[in-house]
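If you want the building blocks of each chain, they are given just below.
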Amino acid sequence: MTDVFLGNEVKTRTFFGILGWTLVWAVLATFTNYILGMLLAVVINHRVVRLKKLWRTCFVIAIAVPQFVSLLLISRALEPQGAVNVALMALGWIDAPLPFLTDPTLARVVVVVVNMWIGIPYTMLTFSGVLLNIPSDLYESAQMDGAGPVRQFVSITLPYMVFITAPATITTFVTNINNFNVIYLLTAGGPFSLDYYQAGKTDLLVTWLYKLTVDKQDYNLGAVIGIMTFVVLAIVSLITYRNSGSYKNEEAFR
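This section reports on the structure supplied with the text. (Residues numbered from 1 in each chain as written. Predicted model: local features only at pLDDT ≥ 70, side-chain atom pairs only at ≥ 80, totals over all residues. Heavy atoms only, no water.)

Quick look at unusual backbone geometry
Note on backbone geometry: most residues besides glycine have negative phi, and most peptide bonds are trans. The omega torsion of the bond from Gly 190 to Pro 191 falls at 5°, within 30 degrees of zero and hence cis. When you line up the elements, Pro 191 lands in the loop between α9 (180-186) and α10 (205-215). In this model, Leu 51 sits at a positive phi of 55°, which is unusual for a non-glycine residue. (Helix = DSSP H or I, 4+ residues; strand = E, 2+ residues; numbered from the N terminus.)

Overview of the packing of aromatic side chains
Any pair of aromatic rings gets described here by the distance separating the centres and the angle formed by the planes. Considering all chains together, one arrives at 7 aromatic pairs under this definition. With centroids separated by 6.3 Å and ring planes inclined at 45°, the aromatic side chains of Trp 21 and Trp 25 adopt a geometry described as tilted. Residue Trp 21 and its partner Trp 25 are located together in helix α2 (residues 9-44), separated by 4 residues, close to a single helical turn. You'll find Trp 21 and Trp 25 in the same group, each marked buried. Note on Phe 180 and Tyr 210: the rings are 5.1 Å apart at their centroids and 65° apart in plane angle, and the pair reads as edge-to-face. In this pair, Phe 180 sits in helix α9 while Tyr 210 sits in helix α10, placing the two residues 30 residues apart along the sequence. (Phe/Tyr/Trp six-rings, centres within 6.5 Å; stacked < 30°, edge-to-face > 60°. Buried < 20%, exposed > 50% of the residue type's maximum accessible area, 1.4 Å probe, protein only.)

Examining α10
An α-helical segment advances 3.6 residues per turn. Residues three or four places apart therefore align on the same side. Listed in full, the buried residues belonging to α10 are Leu 205, Val 206, Thr 207, Trp 208, Lys 211 and Leu 212. If you follow the buried residues of α10, they end up packed against α2, α8 (149-177), α9 and α11 (219-242). A positive phi of about 55° marks Gln 217, the residue just after α10. (Contact = heavy atoms within 4.5 Å.)

What about the packing of helix α3 (residues 52-64) against helix α6 (residues 104-132)?
Their axes nearest at 8 Å, the elements α3 and α6 cross at an angle of 130°. On the basis of their axis angle, the class for α3 and α6 is oblique. Here α3 runs over α6; the crossing is left-handed. Here Arg 56, Phe 59, Val 60, Ala 62 and Ile 63 of α3 lie close against α6, whose contacting residues are Trp 117, Pro 121, Tyr 122, Met 124, Leu 125 and Ser 128. When the residues that make up the contact of α3 with α6 are grouped by side-chain class, the tally is 9 nonpolar, 1 polar and 1 charged. (Axes fitted to C-alpha atoms, helices over the stretch in contact; angles between N-to-C directions. Parallel < 35°, antiparallel > 145°, perpendicular 65-115°, else oblique. Left-handed = near helix turned anticlockwise from the far one by under 90°. Nonpolar A, V, L, I, M, F, W, Y, C, P; charged D, E, K, R; others polar.)

Section: the packing of α8 against α11
It is the contact of α8 with α11, at a shortest axis distance of 10 Å, that shows an interaxial angle of 165°. In this view, α8 runs roughly antiparallel relative to α11, as classed from their interaxial angle. Considering only the axes of α8 and α11, their crossing is right-handed. Taking contact as the criterion, the partners of Pro 167, Ile 170, Phe 173, Val 174 and Ile 177 in α8 are, on α11, Leu 233, Val 236, Ser 237, Thr 240 and Tyr 241. The residue makeup of the contact of α8 with α11, split by class, is 8 nonpolar, 2 polar and no charged.

Structure representation (structure tokens):
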């Protein structure tokens, strides 16, 4: 514990650097999937859209493929000599391979974008189920009062979906803080940084913990990181849930 907070400058810098990125990652990964999944569900379930089952099936295909397979394939495709760089160079759009996995900023953008591709189908299905349970008479009343589609979405659809999905969103946030698969299989926590202790710029607390215990057998520091991860998750989850509408007003939509 003293090494992390007082004794070792490198370990202290590593812990707070990774903690900051872990929280930023969790927020981005949760709310990009949440917002885009919501919008996708609203569009697909709109009455003017045809072939709803076909569109849902197209997006659900991403769920059917095991994550470790798709993530490893994407990781290989984004390498300097991977399919993406080769295709971009063949089209003449770039002159040299892009450092998708070796540039710290670009690597962080990549993991967020890839996580969207994996996570949006899940949130789309969740919101599709919520939309089907919104009472139709609410929309009929709104139309009689002269409310347009935008007003109906803001006043009826959005509050209902946020209320119902708040607990699931908190669970998703916690899951993203511990999202080992996306980070480790895609970038392995890299690119490696000399400023960090046994960690890279895309490492989360959970992937750093894995490296410390499995690769380096640094169980003392690993135990500290595990405890601190639990503390962060507990505090964030409790504060968020107790301030959500689902907790404060359980009878609102009954």
